[in-house]
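# Structure assessment
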Amino acid sequence: MEKVKIKNYPMVNPTPIVLAGADVNGKPNYATVGAFGVVCQGPIFYISLKDTHFTTIGVKENGYFSVNIPSVDMIQKTDYCGLVSGKTTDKSHLFSSFYDEIGKAPMISECPMNFLCKVIQTVPISGFEVFFGEIVSTFARENCLTDGVPDPLKINPTLGMGLSYYSLGPSVGAVFNEGVKLIKSNNG
Ligand SMILES: Cc1cc2nc3c(=O)[nH]c(=O)nc-3n(C[C@H](O)[C@H](O)[C@H](O)COP(=O)(O)O)c2cc1C
């Protein structure tokens, strides 16, 4: 198959788009984040935030951040949080915020899933702070669960790739299952 080499930039990878939350000056603030993910088998997420963002101040101050998964019907507010900074515009009333008993970072009621993360390591890189956070609380909207487990199609997360947002398509296979067929055919 013909391959062409293209520009090295990170916007070509598909990624879930999340809203990172932190209290800044005692008020909730949320920033849209594409640089988010899982780092190991333990309950640890990373988010990478520009060191000049308003949200970054709050994460550093409190040692906690929230990760909120917006569904696609929240696209306008999700994009808005990535266009406007809390430095100049109060975003605290954009969503209804809630806290768990730890109370260290605000979470968004309207999002089907929320994670509260305690910062366990911070790595500065090229003008960004990469915060590694241990998940200390997880919340899911009841109607987004199937048999008690988060259901991707009910959550309906927003995905980003390039300069567009996408929604999740149907499942194309089961994890640790599809490859078993190949193992069996190699052995047989
Ligand atoms: C789709 C999308 C993804 C973004 N991803 C990131 C990211 O991963 N890291 C980051 O620092 N900023 C990212 N931004 C930019 C911030 O969300 C934006 O600068 C925001 O206004 C910062 O808000 P704050 O200053 O209130 O924290 C993204 C924006 C959009 C629209």
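Residues numbered from 1 in each chain as written. Predicted model: local features only at pLDDT ≥ 70, side-chain atom pairs only at ≥ 80, totals over all residues. Heavy atoms only, no water.

Condition: UniProt positions are given in the numbering used here, feature names are shortened, and annotations may be inferred rather than shown by experiment.
As named in an unreviewed UniProt entry, the protein chain is Conserved protein of DIM6/NTAB family, taken from Desulfosporosinus orientis. UniProt, in its Cofactor (unreviewed entry) section for the protein chain, records the words "FMN". Its UniProt record gives the protein chain a comment under Sequence similarities (unreviewed entry), which states: "Belongs to the flavoredoxin family."

## A closer look at the UniProt feature "domain: Flavin reductase like" (unreviewed entry) in the protein chain
Defined as follows: We count a stretch as a helix when DSSP gives it H or I for four or more residues in a row; a strand needs E for two or more, and each element gets its number in order from the N terminus.
Listed under "domain: Flavin reductase like" (unreviewed entry) in the UniProt record, and renumbered for this structure, are residues 11-151. Helix makes up 13% of residues 11-151 and strand 47%, and the two end C-alpha atoms of the span are 27 Å apart.

## A closer look at the site of the ligand
Condition: In these notes, residues near a molecule or strand are those with any non-hydrogen atom within 4 Å of it. Definition of a polar contact: a pair of N or O atoms within 3.5 Å, with one able to donate and the other able to accept a hydrogen when the atoms are protein atoms, and with sequence-neighbouring residues admitted only if both atoms are side-chain atoms. Areas reported as accessible are Shrake-Rupley estimates using a 1.4 Å probe. Residue values count occlusion only from the protein chains shown.
Inspection of the region around the ligand gives 22 residues, with Thr 32, Lys 50, Thr 55, Ser 85 and Gly 86 positioned closest. Within the backbone of Thr 32, a nitrogen or oxygen atom sits 2.7 Å from an oxygen atom of the ligand. Within the backbone of Gly 86, an N or O atom sits 2.7 Å from an oxygen atom of the ligand. Protein contacts shield 81% of the accessible area of the ligand, which totals 650 Å² for the unbound molecule.

## Considering the layout of surface pockets
For the record, the criterion: Residues are called lining when one of their atoms sits within 4 Å of a cavity or pocket point, these points coming from a 1 Å grid over the protein atoms alone, where a cavity is a set in which a 1.4 Å probe fits but cannot get out and a pocket is an open set with protein on both sides within 12 Å along at least five of seven lines. Grid points are joined across faces, edges and corners, and a volume is the space filled by probe spheres set on the points. In this classification, Asp, Glu, Lys and Arg are treated as charged, Ala, Val, Leu, Ile, Met, Phe, Trp, Tyr, Cys and Pro as nonpolar, and every other residue, Gly included, as polar.
When its volume is computed, the largest pocket comes out at roughly 900 Å³. Around the largest pocket, the lining is made up of 36 residues, and of these Met 11, Thr 32, Val 33, Gly 34 and Ala 35 lie nearest the centre. Class assignment of the residues belonging to the lining of the largest pocket gives a composition of 17 nonpolar, 15 polar and four charged. Here the second largest pocket defines a volume of roughly 320 Å³. As for the second largest pocket, its lining consists of 15 residues, of which Pro 16, Ile 69, Met 113, Ile 155 and Pro 157 are closest to the centre. A class-by-class count of the residues in the lining of the second largest pocket yields 13 nonpolar, one polar and one charged.

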